[in-house]
Amino acid sequence: MPEPEKLSVMDKAYDPKQCEDRIYDLWEKSGFFNPDNLPKDGQPFVISMPPPNATGVLHLGHAAGLAYEDLMIRYQRLKGRQALWLPGTDHASIATQTKVEKILAKEGTDRHRLGREKFLDRVREFVANSQGNIRRQIKKMGSSCDWSRERYTFDDALSVAVNQAFIQMYQDGLIYQGERIVNWCPRCQSTLADDEVEYQPQIAQLYYIQYGSLLVATTRPETKLADTGVAVNPYDKRYKAYIGQELEVSLAGHKLKVKVFADKEVDKDFGSGAIGVTPAHSAIDHNFALKHGLEIIKLIDEEGKILPSGGQYQGLTTLEARAALLKDLEKSGQLVKLEDLENNLSVCYRCQTPIEPLLSKQWFVAVDKKIPGRNQSLKELAFQAVKSGQIKILPERFAKIYFHWINNLHDWCISRQIWWGHRIPVYYTENGKVIVAASLEQAQKQAKGQKLTQDQDTLDTWFSSALWTFSTLGWPQETQDLKKFHPTSVMETGYDIIFFWVARMIIMSQYLLKENPFETVYLHGMVRDKDGKKMSKSIGNGIDPIDMIEKFGTDALRLSLIIGSAPGADSRLYEEKIAGYRNFVNKLWNISRYIFSSVKKVEIIKKTPTAKTLADQWILAEMHKLIGQMTDDLDNFRFSSAGEKIYDFTWNKLADWYLEIAKIEGDKDDILLYILQKLLILTHPFTPFVSEQIWQQFDQGILMVASWPLAQDFDATVISDFSELRELVVSLRNLKAENKILPTDFPDCYIENSVLDKSYLELAARLARVKLATAKLDLEPLAIGSSRIWINLKKDMSAKEKQDLQKYIKGLEAQLKNRSFLDNAPAEIIEQTKKKLQEAQGKL
């Protein structure tokens, strides 16, 4: 074990800024982030860090994930397991390209002027700088990940894995090129997968258009320029005579030839019951075209503009064409009426630009096709992995959502029309032959001298990140890391990307390795503001985790993210909450300072100390109860519950009770040190920095690789007996406060209790600050739990108070002897004065 660097002695106040970077450096130099340096007999425990986008900003979602993951890794490392937390970053195709394009726009240029290679050089430069920022931010969170194994989805080795996966799927017939309706973003100039599309509720217009002898209703009148069919329900009597007919239609002079057909999919109660079909710009309409043999006419191009098939509207944007066509239809008397309609607008998840459904030649993964030799499809593999219980999703309710998504999964479009990303490993010869190869050199061998052109498209980011758990461990090579650390143990991530990423990782791992990528999926929720609102730059309610670390320290931020949260549930975060947990960190520091200053020698206590008093028995029992409960909580992913218990023990039991008793009873060095060392180990996964800083005072190596304690049997009656003492003390203190008896005053009190012996009654009296009487007082007894007490709650007067009261009485007596007052004052005032005199004389 490397010798730890000795840190400074404990200052009066804990200062995270002075300690955190120094402690992280100590951990890194120790080598214990690397599981190869941990005990060889420990079972592996592995988390693949969800790679943040290489765009340079750590947000609260990342901070929450890092807090949970580091907690799990530190806990398992303390339990003796070979804990590997593998870090890395994602090249994030569209997100990163968009960032760099914005930078270029400010410089007055764009990617097309730069050209592909120069543009990619700029992106690489941006990513390199961003990765440094991300790495520093991850370290600021105290993340104990193995930096020697850090990976990047665009690493050479990971790019080899991406190509290998593509080739294998292509050879198995699971990747194909075909024309399909895709989600096209005119701004990003690329396709999007179905789950990369977001939906914004809106009030749209439903336009009723006279369509020859038919009336059709549509929300997108401009697309009617490329209609080739009209769909009606076969049971709609209004249109029975039209079914099978071909109609010639004029839309304000724009000529169409459409086929009327019947299909059960048509809702006869929507609009007019007749729907104009545009096969090239709607997935539903495209399916209609394939099913009913309709012509497919492309109307809108990749920039969202009308093609020559749109006649006089050519060159206009879709919205411009809509306005122009509606104006012309109104003139021709064909715009019959408008209605408001609530629907969802499809937008790009990155730039919020409205999506344009386009017919396009793209690369797809076939999710329903049987895998050669397996008799199962990719979809079936992913379904069965969770259904069989091999993969557990927490919280369990998300399993239902997962199954729903898998069951409705369509072929996955994996090609993107952007430059930043893994280039599709497909090459074309001059005569149109398709060659799929891992490199240009390999493709050239197959081309036999023919000139090759590589496919211009890049792969969907999720294709490469779907390989993350095993490509980072060396696949497709059969490395020692892959054999030892895969499948991984836990995938911790936000519930919002279960479909983007988690499902695809299961698909690819099951297909390529015939094993699951992980055993458990732990989903954390969204971090919201104090009022439960989503944090947003535009609203101004966002919290920067790095700012909070600077202000309150990392441990306080980690606690505020973990305690009060539950898997899959949104949590709330605000500065007051973080400040509250900073107080806990300071409390732990002050407890430790007190213990170190009060014992004769700071040393590790290896055996459970012998309890000499009920208080000793109680604190040892509470500690072993805590160890058992926390172990069970952490083994079952109840992180908040474990955090709440350690908070309660530290503040409400150790600080508020045992330390106060220790000051009275004395001679508790071994127990105080024993409790503290166990407490530091238990708090370490939650508050690694302050616990490590305190631990260094023992001069016994690094806390990060200490041993998680085992719970011992304890006598539960000790805890209930001590509860009697606590209840008695609290009740006596409350009685004093209610009767305005100062803490410095010790009223006489006689106590009867069948559980507590004389020594504990004396202790209770000292803690409550009462004088224990030897005999019952001439007072009515009060019942407190199983105790009966006789306490003098009358407060003795000081000489000055007595003098003031006598003076007050003389004044009242003089007033009541005054003839003028008696003759002129109202009767009720005279009675009140007499009553005041009587009360004052009673007090005296």
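For the structure, see preceding data.
None of these values were measured; they are calculated from a predicted model.

Caption draft 1: Highlighting the overall build of the chain. Along its length, the chain carries 27 helices and 29 strands. Taken against the 2.2 N^0.38 rule, which gives 28 Å for 844 residues, the C-alpha radius of gyration of the chain at 38 Å runs more than 25% over that of a compact globule. Referenced to the eigenvectors of the C-alpha coordinate spread, the extents of the chain come out at roughly 115 × 85 × 55 Å. In the chain, which comprises 844 residues, the proportion classed as buried is 53%. Sequence separation of at least 24 residues holds for 76% of the intrachain contacts in the chain that already meet a minimum separation of 6. Across the chain, the 110 positively charged side chains and the 111 negatively charged ones have centroids separated by 1 Å.

Caption draft 2: Representation of the pairing of strand E5 (residues 175-185). Of all eleven residues that make up E5, eight are buried, and the element is covered over most of its length. Where E5 meets strand E14 (residues 356-365), ten bridges bridge the pair, whose relative direction is antiparallel. Pairing of Ile-181 across the sheet is with Leu-359, part of E14. With three bridges connecting them, E5 and strand E6 (residues 190-192) associate as antiparallel partners.

Caption draft 3: Here's a closer look at the pattern of salt bridges. This model, assessed by the stated rule, comprises 41 salt bridges. Across the salt bridge formed by Glu-380 and Lys-370, the nearest N and O atoms sit 2.9 Å from each other. In this pair, Glu-380 is assigned in helix H9 (residues 378-387) and Lys-370 in the loop between E14 and H9, connecting sequence segments ten residues apart. Lys-776 is the salt-bridge partner of Glu-752, the closest N and O atoms lying 3.4 Å from each other. Taken as a pair, Glu-752 in strand E26 (residues 748-753) and Lys-776 in the loop between strand E27 (771-772) and strand E28 (782-784) lie far apart in primary sequence, 24 residues in all. Bridged by salt links that share partners, the residues Asp-36, Asp-146, Arg-149 and Asp-481 form one connected network.

Caption draft 4: Structural detail: the sheet that holds strand E19 (residues 434-436). Overall, antiparallel pairing links the three strands, which are arranged E19-E18-E20 in an open sheet. Two strands bound the open sheet, and with one partner strand each, they are E19 and strand E20 (452-454). Taking the axes of each pair of neighbouring strands and ignoring which way they run, one obtains an average angle of 30° across the sheet. Taken together, the three bridges between strand E18 (residues 426-429) and E20 define a ladder with antiparallel strand orientation. Note on E20: the bridge partner recorded for Tyr-427 is Gln-454.

Caption draft 5: Layout of the packing of aromatic side chains. Within this structure, the stated rule accounts for 31 aromatic pairs. Here the aromatic rings of Tyr-581 and Tyr-647 are separated by 5.9 Å at their centres, their planes lie at 80°, and the arrangement is edge-to-face. Taken as a pair, Tyr-581 in helix H18 (residues 575-598) and Tyr-647 in helix H20 (residues 639-665) lie far apart in primary sequence, 66 residues in all. Here Tyr-647 falls in the partly exposed class, since its relative accessible area comes to 27%. Through successive ring pairs, a cluster of aromatic residues spans Phe-166, Tyr-170, Trp-363, Trp-412 and Phe-463. A cation over an aromatic ring shows up here: Arg-733 above the ring of Trp-657, its NZ or CZ 5.5 Å from the ring centre. One residue, Lys-736, lies across the ring of Phe-746, its end atom 5.7 Å from the ring centre.

Caption draft 6: View of empty space enclosed by the protein. The full count for this structure, using the stated rule, is three cavities of 30 Å³ or more. Of the volumes computed, that of the largest cavity is approximately 50 Å³. Taken together, Ala-64, Tyr-68, His-524, Gly-525, Val-527, Leu-561, Ser-565, Ala-566, Ala-569 and Ser-571 form the lining of the largest cavity. In terms of residue class, the lining of the largest cavity is made up of six nonpolar, four polar and no charged. Its volume calculated, the second largest cavity comes out at about 40 Å³. Residue lining of the second largest cavity: Pro-87, Gly-88, Thr-89, Gln-131, Ile-134, Arg-135, Ile-138, Trp-147 and Glu-150, and that is the complete set. Breaking the lining of the second largest cavity down by element, the ones donating at least two residues are strand E3 (88-89) and helix H5 (116-140). Grouping the constituent residues of the lining of the second largest cavity by class yields four nonpolar, three polar and two charged.

Caption draft 7: A look at the packing of helix H10 (residues 397-407) against helix H15 (residues 498-513). Across the interface, H10 lies against H15 with an axial gap of 11 Å and an inter-helix angle of 75°. Regarding the angle of H10 to H15, the classification is roughly perpendicular. When H10 is examined against H15, the residues Phe-398, Ile-401, Tyr-402, Trp-405 and Ile-406 are found in contact with a partner set consisting of Ile-498, Phe-499, Ala-503 and Ile-506.

Caption draft 8: Here's a closer look at a positive patch on the surface. On the surface, Lys-99, Lys-102, Lys-106 and Arg-187 cluster together into a patch of positive charge. Looking at the element boundaries, Lys-102 is found in helix H3 (residues 93-106).

Caption draft 9: Here's a closer look at the side chain of Thr-469. Among the secondary structure elements, Thr-469 is positioned in helix H13 (residues 468-471). We classify Thr-469 as buried; its relative accessible area is 0%. There is a polar contact of 3.0 Å between the side chain of Thr-469 and the side chain of His-486. Discounting chain neighbours no more than four positions away, the residues touching Thr-469 are Ser-48, His-486, Thr-488, Met-491, Met-505, Pro-517 and Phe-518.

Caption draft 10: Just helix H22 (residues 688-695), in detail. Most of H22 is tucked away: eight of the eight residues are buried. Considered for burial, the residues of H22 that qualify are Pro-688, Phe-689, Val-690, Ser-691, Glu-692, Gln-693, Ile-694 and Trp-695. Structurally, H22 contributes buried residues whose contacts are with helix H1 (16-30), helix H2 (60-78), H5, helix H17 (554-562), H18 and helix H21 (669-683).

Caption draft 11: Main features of the state of the cysteines. One pass over the structure, following the stated rule, counts zero disulfides. Unpaired in terms of disulfides, Cys-185 finds its nearest cysteine sulfur in Cys-351, a separation of 3.5 Å.

Caption draft 12: Spotlight on the pairing of E14. Across the ten residues that make up E14, a large majority, eight, are buried. Pairing of E14 with strand E16 (residues 412-413) involves two bridges; the strand directions are antiparallel. Considered in E16, the bridge of Val-365 is made with Trp-412.

Caption draft 13: Region of the structure containing the sheet that holds E6. Taken together, four strands build an open sheet; the order of strands is E6-E5-E14-E16 and the sheet is antiparallel. Edge positions in the open sheet fall to E6 and E16, since each of these has one partner strand only.

Caption draft 14: How the structure looks around helix H6 (residues 156-171). For H6, which comprises 16 residues, the first-to-last C-alpha distance of 23 Å matches the rise-based estimate of 22 Å (1.5 Å per residue) to within 8%. Looking at H6, one finds that the buried residues are Leu-158, Ser-159, Ala-161, Val-162, Asn-163, Ala-165, Phe-166, Ile-167 and Met-169. Of the residues flanking the end of H6, it is Gly-173, one or two places downstream, whose phi is positive at about 75°.

Cut-offs used in this document
- Residues numbered from 1 in each chain as written.
- Predicted model: local features only at pLDDT ≥ 70, side-chain atom pairs only at ≥ 80, totals over all residues.
- Heavy atoms only, no water.
- Helix = DSSP H or I, 4+ residues; strand = E, 2+ residues; numbered from the N terminus.
- Rg over C-alpha atoms; globule rule 2.2 N^0.38 Å.
- Buried < 20%, exposed > 50% of the residue type's maximum accessible area, 1.4 Å probe, protein only.
- Contact = heavy atoms within 4.5 Å.
- Lys, Arg positive; Asp, Glu negative; His and termini not counted.
- Charge placed at Lys NZ, Arg CZ, Asp CG, Glu CD.
- Pairing = 2+ DSSP bridges.
- Salt bridge = Lys/Arg side-chain N within 4 Å of Asp/Glu carboxyl O.
- Axes fitted to C-alpha atoms, helices over the stretch in contact; angles between N-to-C directions.
- Phe/Tyr/Trp six-rings, centres within 6.5 Å; stacked < 30°, edge-to-face > 60°.
- Lys NZ or Arg CZ within 6 Å of the ring centre and 35° of its normal.
- 1 Å grid on protein atoms, 1.4 Å probe; cavity = no way out; pocket = protein on both sides within 12 Å on 5 of 7 lines; lining within 4 Å.
- Points joined across faces, edges and corners; volume = space filled by probe spheres on them.
- Nonpolar A, V, L, I, M, F, W, Y, C, P; charged D, E, K, R; others polar.
- Parallel < 35°, antiparallel > 145°, perpendicular 65-115°, else oblique.
- Patch = residues over 30% accessible without salt bridge, like charges linked within 9 Å, V, L, I, M, F, W, Y side chains within 5 Å.
- Areas by Shrake-Rupley, 256 points an atom, 1.4 Å probe, with all protein chains shown as cover.
- Polar contact = N/O pair within 3.5 Å; in protein donor to acceptor, adjacent residues only side chain to side chain.
- Disulfide = S-S within 2.5 Å.
- Expected span 1.5 Å × (residues − 1).

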